[in-house]
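A structural walkthrough
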Amino acid sequence: PIQKVFKRCMSTQFSAYTKNFEIIYNPESSLYSYLLQSTIQNPRWLNATTQPLLIVAPFHEAEVQAAVLCSKKYDLQVRVRSGGHDYEGLSFLCPTPYIIIDLINMRSIDINVEEETGWVQSGATLGELYYAIAKKSQVHGFPGGVCPTIGIGGHLSGGGFGTLLRKYGLAADNVLDAYLIDVNGRILDRKAMGEELFWAIRGGGGASFGIILSWKIRLVRVPKIITGFTVSKTLDSGVTKLVHRWQEIAPYLPEDLFIRIITVGDGFNKAVQVSFNSLFLGEIDTLIRLMNKSFPELGLKAEDCIEMSWVASTAYFAGFPNGSLLEVLLDKKQLFKSNFKAKSDFVTEPIPINGLEGIWERFVEEETAIMIMDPFGGKMNEISESETPFPHRKGSLYNIQYLKKWEKNGVRESNRHVHWMRSLYKYMGPYVSKSPRAAYVNYRDLDLGTNNHDNTNYLQSTSWGIKYFKGNFKRLAQLKSKVDPENFFRSEQSIPHYK
Ligand code: FDA
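Everything numeric here is computed off the predicted structure, so don't read it as measured data.

1. Quick word on the environment of arginine 166
Along the polypeptide, arginine 166 turns up in helix α6 (residues 165–168). Judged by its relative accessible area of 0%, arginine 166 falls in the buried class. As a C-alpha pair, arginine 166 and leucine 253 span 87 residues in sequence and 9.2 Å in three-dimensional space.

Written as structure tokens, this is what we have:
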């Protein structure tokens, strides 16, 4: 059986490195199921018919090298998993025989405050990173996403943004170096991989160019005290006008101020709740003065606001009650684990009042529909579309993420919710970016199109590739042809060869 052969390959051909069998789990191992399911964020995929032949959970770089080379030798596909948050399960599902290389044991973090940098391994989570920074400094942070259980590996590979986006750009904009294992099992740093490959791994989406082991990041400066607020409104309080106004203001505010909107459908009460959820890099008095000048319509009062440290704000934005112990950031249990389907859009012109009303009409019927609008502008306007593969810069007013969750994991149930999501997406067409209708690769959506499994066709892949990467897609594909000529690192939405 291939499991035996693979283990032998790992132990004999790479005996210098791989003495430790505890890193290889086959379906008979008692820990196999636990490990397989442990970081899956969207259990919708748990009943999938495909399961990995083996899960390899290395502790050392050399074990990752060996796993890549043995997979190549026995023609097995590899799925790499860091935090397991992929929306479509691409880090642990595959239609042909495969192994998972799970980086769960590679999560060390080393922060250098004097240099204002850090090295972080791909298997660490954002929460662990934020916590580690705060242990060393109260005036540094990192501009990553808001969910603490997200893995560094997938997040930085696709861009990564959160509350510091308007001030410091994406997580990927703040990567200075990286170690990658390429298709030949070589370990390459920035200098060895070259600037083109280093460009591609900072936003070109995971799993196309190699396995990134670790990243050197730039720490960013934050004040000792910052301010957060959440102001919630219902439809009867004139919220439509307020959201309309927000679109005209939020992308142009000073970059210290980030105000996003979270809309939640409450089908049970036929209601919609719209929350203005904000982080300000300063104290309450300055924020109130700024809001009175720039967005008086919201009527923000000092008592709506909470002063806290930056690291406390990462727990606050993740939904933990204010004052929670910072150790909540280290909790491995996924906060938002549920069956879901998501999609994304970028908005370049404010959505008119009647367009917003149409959204509420759809949300008022649904229990578990969520829409998150994250304002861009600020630093994002200063970075060119081709600086990294993530092209959604100047001109994107805000990003929308639509999410539909459900509890019972049945086919009929799933189909109903997915259908609802697709019809919302269709409705939104006239109001969002066009040619292409852009999407965010970290909010992966296989509805946009997929590769043929064995015969990836560039033109066919442009259906989704241009949406994620615009003009950068061709450059990514040209590079892919060079660095992975046999298309070893492939998936339903990996970068295809340019041909
Ligand atoms: P996972 O391990 O599933 O990997 C994702 C993809 O990257 C897969 O294709 C995988 O093979 C590949 N990959 C993983 N590790 C790799 C490595 N070391 N080398 C090469 N390829 C690798 N995003 C955001 O920008 N801001 C946000 O606030 C949020 N919030 C959020 C909340 C919740 C609840 C979820 C589920 C997701 C988000 N996201 C997000 C999206 C998130 O950034 C995205 O899903 C990331 O790709 C997740 O990275 P993981 O490592 O966890 O995923």
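There's plenty left to go through after this.
2. Regarding the pattern of salt bridges
Close approach of charged atoms allows side chains of opposite charge to pair. Going through the model one piece at a time under the given rule, you end up with 25 salt bridges. Between arginine 107 and glutamate 128 there is a salt bridge, with its nearest N and O atoms 2.9 Å apart. On the criterion of sequence distance, the pair formed by arginine 107 in the loop between β4 (98–102) and β5 (109–112) and glutamate 128 in helix α4 (residues 126–136) is long-range, its members being 21 residues apart. Residue arginine 107 is classed as partly exposed on the basis of its relative accessible area, which comes to 23%. Here glutamate 128 falls in the buried class, since its relative accessible area comes to 10%. Across the salt bridge formed by lysine 343 and aspartate 445, the nearest N and O atoms sit 2.7 Å from each other. Within this pair, whereas lysine 343 is found in strand β16 (residues 339–347), its partner aspartate 445 is found in the loop between α14 (411–428) and α15 (458–469), the two being separated by 102 residues in sequence.

3. Some words on the site of the ligand
The environment of the ligand is formed by 32 residues, the closest being Val80, Ser82, Ser91, Phe161 and Tyr440. Separating an oxygen atom of the ligand from a backbone N or O atom of glycine 83 is a distance of 2.9 Å. Contact distances for the ligand include 2.8 Å between an oxygen atom and a side-chain N or O atom of histidine 155. In isolation the ligand exposes 960 Å². Once the protein is present, 95% of that is buried. Put simply, the parts of the chain that give the shell around the ligand at least two residues each are β3 (77–81), α5 (152–158) and β10 (211–218). Tallying contributions element by element places α5 first for the shell around the ligand, with three residues.

4. Section: the packing of α4 against helix α11 (residues 310–317)
Packing of α4 against α11 brings their axes to within 9 Å, and their N-to-C directions diverge by 160°. Here α11 runs roughly antiparallel to α4, going by the angle between their axes. Here the hand of the crossing between α4 and α11 comes out left-handed. On α11, the residues that touch Tyr130, Tyr131 and Ala134 of α4 are Trp310, Val311 and Thr314. In terms of residue class, the contact of α4 with α11 is built from five nonpolar, one polar and no charged.

5. Observations regarding the pairing of strand β13 (residues 257–266)
Residues in a regular strand project their side chains so that they alternate between the two faces of the sheet. In terms of residue burial, β13 counts as a mostly covered element, since seven of its 10 residues are buried. The turn linking β13 back onto strand β14 (residues 271–280) is made up of four residues, and lysine 270 within it adopts a positive phi angle of 50°.

6. Describing the pairing of strand β6 (residues 117–121)
Of all five residues in β6, four are buried; the element is thus mostly enclosed. Between β5 and β6, which pair antiparallel in sequence order, lie four residues; one of them, glutamate 116, sits at a positive phi of approximately 55°. Here five bridges tie β6 to β10, and the two strands are oriented antiparallel to one another. Across the sheet, residue valine 120 finds its bridge partner in β10, namely tryptophan 215.

7. Regarding the sheet that holds strand β15 (residues 305–308)
If you trace the seven strands from one edge of the open sheet to the other, you get β15-β12-β14-β13-β17-β18-β16, paired in antiparallel fashion. Across the chains shown, the open sheet's two edge strands, defined by having one partner strand only, are β15 and β16. Within the sheet, the average angular offset between the axes of one strand and its neighbour, ignoring direction, is 15°. Along the sheet face, helix α9 (residues 239–249) touches β12 (226–234), β13, β14, β17 (369–375) and β18 (398–406) and points at about 35° away from the line of β14. Of the strands in this sheet, β16, β17 and β18 are in contact with α14, which crosses β18 at around 160°.

8. Points about unusual backbone geometry
Of note, the amide linkage connecting serine 435 to proline 436 takes the cis form, showing an omega dihedral of 0°. As for its position among the elements, proline 436 is in the loop between α14 and α15. The phi dihedral of serine 435 is positive, around 45°, even though this residue is not glycine. The topology assignment puts serine 435 in the loop between α14 and α15. Given the relative accessible area of 76%, serine 435 is considered exposed. You will see that asparagine 487, though not glycine, has its phi angle at about 55°, which is positive. As for its placement among the helices and strands, asparagine 487 is situated in the segment after α16 (472–483).

9. Observations concerning helix α12 (residues 353–363)
Every buried residue of α12 is accounted for by Gly355, Leu356, Gly358, Ile359, Trp360 and Phe363. Looking at the buried residues of α12, the elements they touch are α9, β13, β14, β17 and α14.

10. A short note on the layout of surface pockets
If you add up the space inside the second largest pocket, you get close to 260 Å³. Residue lining of the second largest pocket: 18 residues in total, with Ser38, Thr39, Ile104, Arg107 and Lys332 positioned closest to the centre. Looking at the lining of the second largest pocket, the element that brings in the most residues is helix α2 (residues 32–38), giving three residues. Of the residues contributing to the lining of the second largest pocket, the split by class is five nonpolar, nine polar and four charged.

11. Here we look at the sheet that holds β3
Strands sit in the order β1-β2-β4-β3 across an open sheet of four strands; the sheet is mixed. The sheet is open, and its two edges are formed by β1 (24–25) and β3, each paired on a single side. Direction of pairing for strand β2 (residues 54–56) relative to β4: parallel, over a ladder of three bridges. Note that in β4 the partner of valine 56 across the bridge is isoleucine 101. Sheet strands touched by helix α1 (residues 2–13): β1, β2 and β4. Its angle to β2, the strand with the most contacts, is close to 25°. Packing of helix α3 (residues 61–73) onto the sheet brings it into contact with β2, β3 and β4, and relative to β4 it is tilted by some 170°.

Conventions adopted
Along each chain, residue indices are assigned from 1 in the same order as the chain's sequence is written. This being a predicted model, a pLDDT of at least 70 is required before a residue's local features are given, and a value of 80 or more before pairs of side-chain atoms are given or counted; all residues contribute to the totals for chains, interfaces and linings. Note that water and hydrogens are dropped before the side-chain values are worked out from all heavy atoms of the structure. Only runs of H or I of at least four residues qualify as helices and only runs of E of at least two qualify as strands under DSSP, and these elements are numbered from the N terminus. Three labels apply to residues, based on accessible area from a 1.4 Å probe with only protein chains included: buried if under 20% of the type maximum, exposed if over 50%, partly exposed otherwise in between. Definition used for salt bridges: Asp or Glu carboxyl oxygen within 4 Å of a side-chain nitrogen of Lys or Arg. Whether a residue is near a molecule or strand depends on its heavy atoms: if one lies within 4 Å, it is near. We define a polar contact as two N or O atoms separated by no more than 3.5 Å, with the added condition that, inside protein, one atom must be a possible hydrogen donor and the other a possible acceptor, whereas residues neighbouring each other in sequence contribute only through side-chain atom pairs. Only the protein chains shown count as cover for residues, and the accessible areas themselves come from Shrake-Rupley with a 1.4 Å probe. Lines fitted to C-alpha atoms define the axes here, with helix axes fitted over just the stretch in contact, and angles between the N-to-C directions of these axes take values from 0 to 180 degrees. When describing relative orientation, an angle under 35 degrees is termed roughly parallel and one over 145 degrees roughly antiparallel, while 65 to 115 degrees is termed roughly perpendicular and anything else oblique. Two helices cross in a left-handed way if the nearer one is turned anticlockwise from the farther one by less than a right angle. They cross in a right-handed way if the turn is clockwise. Only heavy atoms matter for contacts: two residues are in contact if any of them lie within 4.5 Å across the pair. Under the grouping applied here, Gly and all other residues not named as nonpolar or charged are polar, the nonpolar ones being Ala, Val, Leu, Ile, Met, Phe, Trp, Tyr, Cys and Pro and the charged ones Asp, Glu, Lys and Arg. One requirement defines pairing of two strands: DSSP has to find at least two bridges between them. Computed over the protein atoms alone on a 1 Å grid, cavities are sets of points where a 1.4 Å probe fits but cannot get out and pockets are open sets with protein on both sides within 12 Å along at least five of seven lines; a residue lines them when it has an atom within 4 Å of a point. Grid points are joined across faces, edges and corners, and a volume is the space filled by probe spheres set on the points.

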